[in-house]
Amino acid sequence: MKLIDGKMIAAKKLLAVQELIEDEELEPKLAVILVGNDPASQLYVKLKVKAAKEVGIELRTYFCEEGTPREEIVESIAFLNADPDTHGIIVQLPLPEHLDADDIIGLIDPAKDVDGFHKTNQEKFLADQACVYPVFPGAIMGLITSCVDDLRGKKAVVLGKSDIFDRVMTHAFAQRECDAIFIGCAQKNEFTLQEKDVINQADIIVTAIGRPGFLSCDLIKDDAIVIDGGISKVGEKVVGDVDRTHCNDRDIFISAVPGGVGPVTIACLLENVTHFAQCKESQCTCEHC
Ligand code: GUN
């Protein structure tokens, strides 16, 4: 098994971000809204704060109590949308139950949506007109291309839970002339024989289900690249979707969990903030802003 080290890939990206900020004397500013006390979200935000500080991005965190009414979040986002000093806004997910993620994300000005989660930006991405790459698919692609640059003609399979993840991820592969098949796993307890066959033939497997050990290593062919984006907690341990019990003596590339998709997603986020700050400074040279 060859471990794909997300921390190393993230470090390279962050160094490039830092150099760009220094060379162009940019002052990127990112606002992070964190609602509630979810420990995983608190940890993610802490990691974002640390990485932002290291590269020279000013990150302001807006902490909101668990029961904060929608109207208050609407006001905060409206303020940040209008603030000329804020280049990027994110709302850390998941949100408490009384708030709908799509609704809240939809309030962010798409020109400040540095996660790339806004519906408008997802549609732009699908039409090849996006100004920034959505962070989660961007991180997955970054991990894959650290192993192999040319994806043309390769067979990919994406295991996920949502229609939008299906569309965005398979499009990201199509852009690289790589055929990807999506297998929806939201309601699935086991793979069908046909699905097992598809997985077994795949050169690249992306999984983002959030079910510990759901994908058995036996289904993965030799030399496959596996990006495990499914994060769950089992006791105190953070684990992915792939059951790694028998992976050690196999010839496969597999992303670390933790330390795989997570750190690269943060690096992609900071790349996007810097890009928006750069666009603002230079009256934008990029085609789609
Ligand atoms: N929760 C887990 N990952 C992410 C992310 O990349 N962005 C946001 N906003 N919330 C998350």
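What comes next is a walk through the structure. What you see is a predicted model, and the numbers here were worked out from it, not measured in a lab.

Across its full length, the chain carries 9 helices and 13 strands. Relative to the compact-globule value of 19 Å for 289 residues, the chain shows a C-alpha radius of gyration of 19 Å, a close match. Taking the principal axes of its C-alpha atoms as reference, the chain extends roughly 55 × 40 × 35 Å. Partitioning the intrachain contacts of the chain with sequence separation of at least 6 by distance along the chain shows that 72% fall at a separation of at least 24.

Taken together, K48, V91, Q92, L93, D115, F117, V135 and T265 make up the full set of residues near the ligand. Q92 places a side-chain nitrogen or oxygen 3.2 Å from a nitrogen atom of the ligand. At 2.8 Å, a backbone N or O of L93 approaches a nitrogen atom of the ligand. Protein chains shield 81% of the accessible area of the ligand, which is 280 Å² for the free molecule. A breakdown of the residues in the shell around the ligand according to their chemical character gives 4 nonpolar, 2 polar and 2 charged.

So, on to helix α2 (residues 39-55). Between its first and last C-alpha atoms α2 spans 25 Å; for 17 residues at 1.5 Å apiece the expected length is 24 Å, and the two agree. In this structure, the buried residues of α2 make contact with α1 (6-23), β2 (29-35), β3 (58-64), β4 (88-91) and α9 (261-281). The positive-phi residue at the C-terminal boundary of α2 is G56, with phi of around 95°.

Bringing the environment of L59 into the picture now. Along the polypeptide, L59 turns up in strand β3. Spatially, the C-alpha atoms of L59 and K29 are 5.9 Å apart, while their sequence positions differ by 30 residues. What L59 contacts, discounting residues up to four positions off in sequence, is L30, V32, K48, V49 and A52.

Read across the sheet, 6 strands follow the order β1-β13-β9-β7-β5-β6 without closing on themselves; strand pairing throughout is parallel. Strands at the two margins of the open sheet, each flanked by one partner only, are β1 (2-4) and β6 (179-184). Strand-to-strand, the axes of this sheet are offset by a mean angle of 20°, without reference to chain direction. The pairing of strand β9 (residues 225-228) with strand β13 (residues 253-255) spans 2 bridges and is parallel. Note that in β13 the partner of V226 across the bridge is I254. Helix-sheet contacts for helix α7 (residues 163-175) involve β5 (155-160), β6 and β7 (204-207), and the interaxial angle to β5 is about 160°.

As a further point, take a nonpolar patch on the surface. Together, L43, Y44, L47 and I231 give the surface a local cluster of nonpolar side chains, amounting to about 350 Å² of exposed area. Within the secondary structure layout, L47 lies in helix α2.

Here we come to the sheet that holds β3. Strand order in this open sheet of 3 strands is β3-β2-β4, and the pairing throughout is parallel. Looking at which strands have only one partner, the edges of the open sheet turn out to be β3 and β4. Each neighbouring strand pair of the sheet contributes to a mean axis angle of 15°, computed without reference to strand direction. Alignment of β2 against β3, held across 7 bridges, turns out to be parallel.

The rules we used
- Residues numbered from 1 in each chain as written.
- Predicted model: local features only at pLDDT ≥ 70, side-chain atom pairs only at ≥ 80, totals over all residues.
- Heavy atoms only, no water.
- Helix = DSSP H or I, 4+ residues; strand = E, 2+ residues; numbered from the N terminus.
- Rg over C-alpha atoms; globule rule 2.2 N^0.38 Å.
- Contact = heavy atoms within 4.5 Å.
- Near = heavy atom within 4 Å.
- Polar contact = N/O pair within 3.5 Å; in protein donor to acceptor, adjacent residues only side chain to side chain.
- Areas by Shrake-Rupley, 256 points an atom, 1.4 Å probe, with all protein chains shown as cover.
- Nonpolar A, V, L, I, M, F, W, Y, C, P; charged D, E, K, R; others polar.
- Expected span 1.5 Å × (residues − 1).
- Pairing = 2+ DSSP bridges.
- Axes fitted to C-alpha atoms, helices over the stretch in contact; angles between N-to-C directions.
- Patch = residues over 30% accessible without salt bridge, like charges linked within 9 Å, V, L, I, M, F, W, Y side chains within 5 Å.
- Salt bridge = Lys/Arg side-chain N within 4 Å of Asp/Glu carboxyl O.

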